[in-house]
Amino acid sequence: MRVLVVGGGGREHALTWKLCQSARVSQVFVAPGNAGTAAEPKASNIEIGAEDIAKLLEFAKQEKIDLTLVGPEAALVAGIVDQFDDQRLPIFGPVAATARLEGSKAFAKQFMQKHGIPTAGYGVFSDYTEARDYIESRPAPMVVKADGLAAGKGVIIAQDHAQAIDTAQQMLSGERFGDAGRSIVVEDFIEGEEASFICMVDGQNVLSMATSQDHKKRDVGDAGPNTGGMGAYSPAPIVDEALHQRILEKIIYPTVHGFAEQGSPYIGFLYAGVMIDAQADPHVLEFNCRFGDPEAQPILMRMQSDLAELCLAALDRQLDQHTIQWDTRTALGVVLAAGGYPLDACEKGAPIQGLSRSLETPTRKVFHAGTREGNGEVVTNGGRVLCATALGDTVREAQQHAYDLVKKISWPQMFYRTDIGYRAIDDHR
Ligand code: GLY
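As a starting point, this report considers the structure included with it. These figures come from a predicted structure and were not determined experimentally. Throughout, a residue's number is its position along its own chain's written sequence, starting from 1. Side-chain atom pairs in this predicted model are given and counted only at pLDDT of 80 or more, local residue features only at pLDDT of at least 70, and totals for whole chains, interfaces and linings cover all residues. Derived side-chain values reflect all non-hydrogen atoms in the structure, with water molecules and hydrogen atoms excluded from consideration.

**Observations concerning the pattern of salt bridges**
We define a salt bridge as a side-chain nitrogen of Lys or Arg found within 4 Å of a carboxyl oxygen belonging to Asp or Glu. Per the stated rule, a full pass over the model turns up 23 salt bridges. A salt bridge links lysine 109 to glutamate 187, with the shortest nitrogen-to-oxygen separation between them at 2.8 Å. Taken together, the residues span a long stretch of sequence, with lysine 109 in helix α7 (residues 105-114) and glutamate 187 in strand β9 (residues 184-188) at a distance of 78 residues. Several salt bridges converge on common partners, so that one network encompasses Glu40, Arg357, Glu360 and Lys365. Secondary structure is summarised from DSSP: a helix means a run of H or I of at least four residues, a strand means a run of E of at least two, and numbering begins at the N terminus for each.

**Observations concerning empty space enclosed by the protein**
Each cavity reported here is a set of points on a 1 Å grid over the protein atoms alone in which a 1.4 Å probe fits but cannot get out, each pocket an open set with protein on both sides within 12 Å along at least five of seven lines, and each lining residue one with an atom within 4 Å of a point. Grid points are joined across faces, edges and corners, and a volume is the space filled by probe spheres set on the points. Within the structure shown, the criterion is met by one cavity of 30 Å³ or more. In this structure, the largest cavity occupies an estimated 50 Å³ of space. What lines the largest cavity is Leu101, Lys105, Ala108, Lys109, Met112, Lys145, Leu285, Glu286 and Phe287. Contributions of two or more residues to the lining of the largest cavity are made by α7 and β17 (282-288). Residue contributions to the lining of the largest cavity peak at four residues, all from α7. Here the nonpolar group is Ala, Val, Leu, Ile, Met, Phe, Trp, Tyr, Cys and Pro; Asp, Glu, Lys and Arg are the charged ones; every other residue, Gly included, is treated as polar. In terms of residue class, the lining of the largest cavity is built from five nonpolar, no polar and four charged.

**With respect to the site of the ligand**
Nearness of a residue to a molecule or strand requires only that one of the residue's heavy atoms be within 4 Å of it. Around the ligand, the neighbouring residues are Asp214, Lys216, Gly228, Tyr271, Asn288, Arg290, Gly292, Asp293, Pro294 and Glu295. Counting of polar contacts relies on pairs of N or O atoms within 3.5 Å, with two restrictions inside protein: one atom must be capable of donating a hydrogen and the other of accepting it, and residues adjacent in sequence are counted only when both atoms are side-chain atoms. At 2.9 Å, a backbone N or O of aspartate 293 approaches a nitrogen atom of the ligand. A per-class count over the shell around the ligand returns two nonpolar, three polar and five charged.

Nothing here speaks to function; it is geometry throughout.
Listed below in structure tokens is the structure:
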């Protein structure tokens, strides 16, 4: 089977690595990929951007691709699945009508309200005066979100009314996030602990991924600006069996059934970012229409089942015939980022020292994200550069092994959080 993976980040390296382990997969093409995907056995990068749907379609037709997996959201929201479906090219992901769940925060809130899915109170605005009046009527802190896609940066937690009003003004004027911010969602802030709930959906049936949590803040102790994620681990001890069931019943199934009822069945990875409050009740913070990054790295390191087979089963609407086997150990990934991330432009082209296949064992893996090959060496090529991931019998052991990997790698201006996994370590709770 010939597989195409769309994207070039850490999640796509993890997907590629996992797909290469399948006896059914003969070749994996990654568009555009990174230095890590290029080095996987069976895999090669192709020079097509992750959002260039026309070229991806042409490539898939020419190369007779049997299965396409899409990592990032932009192509999904832009309708890559609709276009592949039209050409009868197998692709695992949601069509544009369902990918709106991530593509429009206002749509997601209205969908949740319609289907009784627990989420914070909110208002949707395109008019500044109405937004300001609403903000003044709600308690701070509160959350202001750009309606459209904003590369993971469109969610601002405002500590007071003045900051919320300022943020709303900047978004609505187009000054911040361009057209993506011309409509906004203003949402009540929910206290609690956040977890990622990711599953595969075939339109009707759901197969849950192992539980996970990521660290969205840049700095130690979950401080500083939001990022795409500075590290993640699986399982997430906060999501016990009872909570797992509650999330399925209150959030995942109503979402899947809601789309089925409206005639656009959800097929693909579905990611609910949930806030678990003091009563252990889950509330949806956001939906993503794709796998998480960096959650994919530790989750896929624990997956013992054949990912390609699961995707094909989903396309045949047969996920109910499958289960997923998981390594019972903990996997933990630490993101190595380039100076400036996530606020400023990051230096690209810095040679990375210490990367070597000899670092890697069946329980330790360095997934690449913003890297490329340059003059025979691996150089930086983005904000999140690598994710050092390891398995361990305990969270502490997985953490130790991941940081052992981290300490062998360096480039000028590299930085990382030193506390990934702290919430899951027993003595903290
Ligand atoms: N780790 C958060 C995300 O994938 O959006």
